[in-house]
Amino acid sequence: MSTPDSELDKHLAALFGGLDTRADFDVRLMARLRAESQTDATERGKRARQQELTRHRRAVLELQSRRRLTLRMLALDAVGMSLPLLLAVITAWSRFGGDVMDISRQYGPYIAMSLAALIAAVPLLGMWREQTRSPIRLF
Amino acid sequence: MELVRAERRDEAIVQLLPAYRRKVFGLAYSLLRDREAAEDVTQEVFIKLWRALPAFDGRASMSTWIYAIARNASLSALRARRPQSSLSDAEVMDAVESSNPLPSADVLVERAAILRLVDQLPTKQRQVIMLFYMQEQSHEEVAAMLAMPVGTVKTLLHRARARLSASAGKMSATA
């Protein structure tokens, strides 16, 4: 077998020049891409739903935390306000006349108790509302 | 690039297929030496491209990007499948035998012998020879496909052809 360069070229071009994929390559590829596309869309939907759920859970947790903080502040406010209020009432009481003093002696404990119950009721009501509130649901 | 920006991946792939299918297949085939495996890799490469198209930022040229994906996919496939088959395993010869006009028996025998010689070349020389004759004998195109300087492609091609000529000469002397 003698193979000069031009002959070698001819043989190599004949061997490799016509190499190509099979005729149905494009059809098979497009079918696979369609299948991939569907899987891709489903995956994207799942991911979006998961992200939305996570975002929702985070928002609910943040809201609950803010409510608890507000209630704590309200409770501290109530305690803080009740002390100067008590002092103000005692100071004002001493300046009233004998009738008022008589009434205060008679009803004083009831009035004080009602006032204390009223002040304490605000945060208690808030807590009760927080405990009994149904959780927010997306679906 | 416009289609990629518009997120019309399917249309982009339809446009890329005729331009790159044969090149990607050639790249895979020159390394794997198995037509079936090379077709599988070519399909995988186009699916990878389809998935990665939205992330393509255009910093590298599209062809550089595609060839890089094709080279990596071919190398992964090569690592995954051992032992290798050889080029002489019928497929190339089938293509040659089905060519028109049908070559004579002597020519077919000679081509089968050359195919065996190509198969015995070192990997880089074999790849360069195969791709050069597949890609309309363009040094630049082969260099881009193999990510090599054009000079290296020319050197490898020269060495491969010299080796093939010498081996063919030896075979004819012993015959």
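Here's what I pulled together on the structure shown here.

Rules behind the numbers
- Residues numbered from 1 in each chain as written.
- Chains lettered and ligands numbered in written order.
- Predicted model: local features only at pLDDT ≥ 70, side-chain atom pairs only at ≥ 80, totals over all residues.
- Heavy atoms only, no water.
- Helix = DSSP H or I, 4+ residues; strand = E, 2+ residues; numbered from the N terminus.
- Buried < 20%, exposed > 50% of the residue type's maximum accessible area, 1.4 Å probe, protein only.
- Contact = heavy atoms within 4.5 Å.
- Areas by Shrake-Rupley, 256 points an atom, 1.4 Å probe, with all protein chains shown as cover.
- Core = buried A, V, L, I, M, F, W, Y, C linked by side-chain atoms within 4.5 Å.
- Buried area = accessible area lost by both parts, 1.4 Å probe.
- Salt bridge = Lys/Arg side-chain N within 4 Å of Asp/Glu carboxyl O.
- Phe/Tyr/Trp six-rings, centres within 6.5 Å; stacked < 30°, edge-to-face > 60°.
- Lys NZ or Arg CZ within 6 Å of the ring centre and 35° of its normal.

1. Thoughts on the overall build of chain B
Then comes step 1: On a plain count of helices and strands, chain B comes out with nine helices and zero strands.
Then comes step 2: In sequence order, chain B lays out its α and β elements as α-α-α-α-α-α-α-α-α.
Then comes step 3: Across the 175 residues that make up chain B, the buried fraction comes to 50%.
Then comes step 4: Taking contacts inside chain B between residues at least 6 apart in sequence as the whole, the part at least 24 apart equals 66%.
Then comes step 5: Surface accessibility of chain B: about 8500 Å² in total, with carbon and sulfur atoms responsible for 52%.

2. Side note on the nonpolar core
Then comes step 1: Of all hydrophobic cores here, the largest spans 63 residues; its most connected members are Leu12 and Phe16 of chain A together with Val118 and Ile129 of chain B.
Then comes step 2: Beyond its immediate chain neighbours, meaning those up to four positions away, Ile129 of chain B contacts Leu12 and Phe16 of chain A together with Val118, Leu121, Leu157, Ala160, Arg161 and Leu164 of chain B.

3. Regarding the interface of chain A and chain B
Then comes step 1: On the chain B side, the residues contacting the 29 residues of chain A number 42 residues.
Then comes step 2: Between chain A and chain B the total buried area reaches about 3600 Å² when both faces are included, carbon and sulfur atoms providing 61% of it.
Then comes step 3: For the pair chain A and chain B, the interface holds nine salt bridges.
Then comes step 4: Salt-bridge contacts for Glu44 of chain B lead to Arg32 of chain A; the nearest nitrogen and oxygen are separated by 2.6 Å.

4. Thoughts on the packing of aromatic side chains
To describe a pair of aromatic rings, one takes the distance between the centres and the angle between the planes.
Residue and element names in this part refer to chain B.
Then comes step 1: Enumeration over the complete set of coordinates arrives at four aromatic pairs over all chains.
Then comes step 2: Taken together, a centroid distance of 6.1 Å and an interplanar angle of 70° make the contact between Tyr20 and Tyr67 edge-to-face. Taken together, the positions of Tyr20 in helix α2 (residues 9-32) and Tyr67 in helix α4 (residues 62-80) put the pair 47 residues apart, joining distant regions of the chain. No difference in accessibility class separates Tyr20 from Tyr67, as the two residues are buried.
Then comes step 3: Between Phe25 and Tyr29 the ring centres are 5.8 Å apart and the planes differ by 5°, which places this aromatic pair in the stacked class. Linking Phe25 with Tyr29, this pair stays in helix α2, spanning four residues, or about one helical turn. The pair formed by Phe25 and Tyr29 is uniform in burial state, with each residue classed as buried.
Then comes step 4: Of note, Arg9 hangs over the ring of Trp50, and the distance from its end group to the ring centre comes to 3.9 Å.

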